[in-house]
Amino acid sequence: MPTPVSPPAGRPALAHPAYELFAAALSLLAIVNVVLYLLIPDPALDTILAVMNGLFSVIFLLDFLYRARHAESFGTYFVRGFGWADLLSCLPVPQLKLLRLFSALWGGPAVAGCRRHAHLGRLRRDGLRREPLRQGSALLSLLLMGVLVLEFGSLLVLHFEQRAPGASIVTGSDALWYTLVTDRTVGCSSCSPSRRPW
């Protein structure tokens, strides 16, 4: 019988440890993006990171609303459970994504569970015994893989194509659009710059 993961004081408990791992992974990816944004001054790269920052802002806002709604006490969650950091990280300012460190390292039930169980394997093994959790884990894994493919696929395409002679992918929006249509298998005939939405 798996032992339920109890959250730190002020943090609402979530039914799925897989969701907590998904949120922590996105938080760490957002922090990596801030580091890239600060260390590599490239307008094309900034475009990709700005789009991903906007996507993360929407996801983090939904995460904040979910946690606020399911908290036993909103005030306790907001102050002691680092809800204020969750809310500020929803703003579309890349540097504010660093506040996700509070929830990823100190506030998340998955992290507390990992400390208690000593490693991720036990948490994953205990949680994946339940069928609904397995289905949720598969969906969250697909969502995470989609985000990773969109970001790192765009970065790699931009890196290899940007300075190639006669390249048609020279900006961040070109790379994002190429990765999006290739990932969705709609083909590259729609990759012409006039058909991009941005």
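Structure first, text after, so check above.
The notes below deal with the structure included here. Quick caveat: nothing in here was measured; it's all calculated off a predicted structure. (Residues numbered from 1 in each chain as written. Predicted model: local features only at pLDDT ≥ 70, side-chain atom pairs only at ≥ 80, totals over all residues. Heavy atoms only, no water.)

### Observations regarding the packing of helix H1 (residues 17–39) against helix H2 (residues 43–70)
Helix-helix packing is described using two parameters, namely the angle between the two axes and the distance between the axes. Their axes nearest at 10 Å, the elements H1 and H2 cross at an angle of 145 degrees. In this structure, H1 meets H2 at a crossing whose hand is left-handed. Taken together, the residues of H2 that come into contact with H1 (itself represented by Tyr-19, Glu-20, Ala-23, Leu-26, Ser-27, Leu-29, Ala-30, Asn-33, Leu-36 and Tyr-37) are Leu-45, Asp-46, Leu-49, Met-52, Phe-56, Ile-59, Phe-60, Asp-63 and Arg-67. By residue class, the composition of the contact of H1 with H2 is 13 nonpolar, two polar and four charged. (Axes fitted to C-alpha atoms, helices over the stretch in contact; angles between N-to-C directions. Helix = DSSP H or I, 4+ residues; strand = E, 2+ residues; numbered from the N terminus. Left-handed = near helix turned anticlockwise from the far one by under 90°. Contact = heavy atoms within 4.5 Å. Nonpolar A, V, L, I, M, F, W, Y, C, P; charged D, E, K, R; others polar.)

### Notes on a nonpolar patch on the surface
A cluster of nonpolar side chains, namely Val-35, Tyr-37, Leu-38, Leu-39 and Ile-40, defines an oily patch on the protein surface of about 470 Å² accessible area. Residue placement: Leu-39 occurs in helix H1. Leu-39 gets classed as exposed once you look at its relative accessible area, which sits at 65%. (Patch = residues over 30% accessible without salt bridge, like charges linked within 9 Å, V, L, I, M, F, W, Y side chains within 5 Å. Areas by Shrake-Rupley, 256 points an atom, 1.4 Å probe, with all protein chains shown as cover. Salt bridge = Lys/Arg side-chain N within 4 Å of Asp/Glu carboxyl O. Buried < 20%, exposed > 50% of the residue type's maximum accessible area, 1.4 Å probe, protein only.)

### Here's the deal with the side chain of Ser-57
For Ser-57, the location among the structural elements is in helix H2. Here Ser-57 is in contact with Ser-89, Cys-90, Leu-91, Pro-92 and Lys-97, once residues within four sequence places are set aside.

### Concerning the environment of Phe-64
Locating Phe-64 in the fold gives a position in helix H2. Overall, Phe-64 belongs to the buried group, its relative accessible area being 6%. Between the alpha carbons of Phe-64 and Phe-78 there is a distance of 9.7 Å; along the sequence they are 14 residues apart. Discounting chain neighbours no more than four positions away, the residues touching Phe-64 are Phe-74, Tyr-77, Phe-78, Gly-83, Asp-86, Leu-87 and Cys-90.

### A look at the nonpolar core
Counting 28 residues, the largest nonpolar core has Leu-26, Ile-48 and Phe-56 as its most contacted members. Going through the elements one at a time, H1, H2, helix H8 (131–161) and helix H9 (172–183) are the ones with two or more residues in this core. Setting aside residues up to four positions removed in sequence, Leu-26 forms contacts with Phe-56, Ile-59, Phe-60, Leu-144 and Val-147. (Core = buried A, V, L, I, M, F, W, Y, C linked by side-chain atoms within 4.5 Å.)

### Remarks on the packing of aromatic side chains
Under the counting rule described, the total for this entry stands at seven aromatic pairs. Ring geometry for Tyr-19 versus Tyr-66: centroids 6.0 Å apart, planes at 50 degrees, classification tilted. You can see Tyr-19 sitting in helix H1 and its partner Tyr-66 sitting in helix H2, a full 47 residues away along the chain. The exposure class assigned to Tyr-66 is partly exposed, which follows from its relative accessible area of 35%. Through successive ring pairs, a cluster of aromatic residues spans Phe-64, Phe-74, Tyr-77 and Phe-78. The ring of Phe-60 carries the charged tip of Arg-100 above its face, separated from the ring centre by 3.9 Å. (Phe/Tyr/Trp six-rings, centres within 6.5 Å; stacked < 30°, edge-to-face > 60°. Lys NZ or Arg CZ within 6 Å of the ring centre and 35° of its normal.)

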